[in-house]
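If you want the building blocks of each chain, they are given just below.
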Amino acid sequence: MKQLFDVRGKVVLVTGGSRGIGEMIARGFVENGATVYISSRKAEVCDSLAEELSAYGACHSLPADVGSLAGIEALAAALTARESKLDVLVNNAGAAWGAPIDDYPEDGWDKVVDLNMKAPFFMTQKLLPLLRQSAKADAPARVINIASVNGIEPPALETYAYSSSKAGCIMLTRHMAKRLAAEHILVNAIAPGPFPSQMMAATLAKHGDAIRAQNPLGRTGEPEDIAGVAIFLASRAGSYTTGATIPCDGGSAEV
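Quantities reported herein were computed from a predicted structural model and do not represent experimental measurements. (Residues numbered from 1 in each chain as written. Predicted model: local features only at pLDDT ≥ 70, side-chain atom pairs only at ≥ 80, totals over all residues. Heavy atoms only, no water.)

1. Focus on the overall build of the protein
No. 1: Of the regular secondary structure elements, the protein holds 7 helices and 7 strands.
No. 2: Listing the helices and strands of the protein from first to last along the sequence gives β-α-β-α-β-α-β-α-β-α-β-α-α-β.
No. 3: Put simply, 71% of the contacts in the protein that link residues at least 6 apart link residues at least 24 apart.
No. 4: Surface exposure of the protein reaches about 12,200 Å², of which carbon and sulfur atoms provide 54%. (Helix = DSSP H or I, 4+ residues; strand = E, 2+ residues; numbered from the N terminus. Contact = heavy atoms within 4.5 Å. Areas by Shrake-Rupley, 256 points an atom, 1.4 Å probe, with all protein chains shown as cover.)

Structure follows, in structure tokens:
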């Protein structure tokens, strides 16, 4: 049972890969020998991180806005022009929006739901040809959707579209897993808890001590924590796991 967690040589795409959890996952794959493509809306940030990570392995920048179908199709076309197969798709790009229930705006709702739930579906759909080229019975292709513990347990914050879309992402994961298993494409989700990221920065600045105190492990997540789960799901070790959502949250959603 050697090399259970080996991802060397795999082709990986991480959306929203230029910062936060996406960057943590991308870095983990790069440093463990995968060829990684990162995508984000901000081309300069995406290019800069790809250049930085290239010091540790193969990392390439493919800027795109996956908040629209046109952006998703453009990203799929750009990757297809460079690769003949895709081993691992990490649907990480996401957004949050908080507002009181009486004032919650439709545009905020639509932005969050489109990016958090619709984009993972259409990103997977448009990349199915490349995923199918990788998929084999003894080495399945992988789709990893980044959900949230807020999709399992409602948060105290008034982020209605975020929690609802992440719950939808979890069901979408199960639904796609059931459909694609026969094609040797595994679909799983990770549900992160609190990690130091731009999305969480304001919350951690204001409530960080309380969040850490309430967490069973007494801390927020570290890059190795989230990258480790993603590498498990992408490697031989995760070849019999599909339709699952794995919390990565220090136990906060389980106790």
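Back to the write-up after that little detour.
2. As for the pairing of strand β2 (residues 35-39)
The side chains of a regular strand alternate, first on one face of the sheet and then on the other.
No. 1: Within β2, 5 of the 5 residues are buried, which leaves the element mostly enclosed by the surrounding structure.
No. 2: Note that the unit made of strand β1 (residues 11-15), helix α1 (residues 20-31) and β2 has a crossover that is right-handed.
No. 3: Pairing between β2 and strand β3 (residues 58-61): 4 bridges, direction parallel. Across the sheet, T35 pairs through a bridge with A58, a residue of β3.
No. 4: Each parallel crossover has a hand, and the one from β2 via helix α2 (residues 43-53) to β3 is right-handed. (Buried < 20%, exposed > 50% of the residue type's maximum accessible area, 1.4 Å probe, protein only. Right-handed = clockwise from strand over helix to strand, strands pointing away. Pairing = 2+ DSSP bridges.)

3. A short note on the nonpolar core
Nonpolar side chains tend toward joint burial in soluble globular proteins.
No. 1: With 36 residues, the main nonpolar core has L13, L79, L86, M123, L127 and I185 as its most contacted residues.
No. 2: Mapped by element, the contributors of at least two residues to this core are β1, α3 (69-80), α4 (106-134), β5 (141-146), α5 (160-180) and β6 (185-192).
No. 3: The leading source of residues in this core is α4, at 9 residues. (Core = buried A, V, L, I, M, F, W, Y, C linked by side-chain atoms within 4.5 Å.)

4. As for the packing of aromatic side chains
No. 1: For the structure shown, the criterion picks out 3 aromatic pairs.
No. 2: Ring plane angle 75° and centroid distance 5.8 Å describe the contact between Y104 and Y160, whose orientation is recorded as edge-to-face. Separated by 56 residues along the polypeptide, Y104 in the loop between β4 (88-91) and α4 and Y160 in helix α5 bring together distant segments of the chain.
No. 3: Exposure remark for Y104: the relative accessible area of 16% places this residue in the buried category.
No. 4: On the basis of an interplanar angle of 90° and a centroid distance of 4.9 Å, the ring pair of F121 and F122 is categorised as edge-to-face.
No. 5: A relative accessible area of 34% places F121 in the partly exposed class.
No. 6: Grouping aromatic residues by their ring pairs yields a cluster made of Y104, W109 and Y160. (Phe/Tyr/Trp six-rings, centres within 6.5 Å; stacked < 30°, edge-to-face > 60°.)

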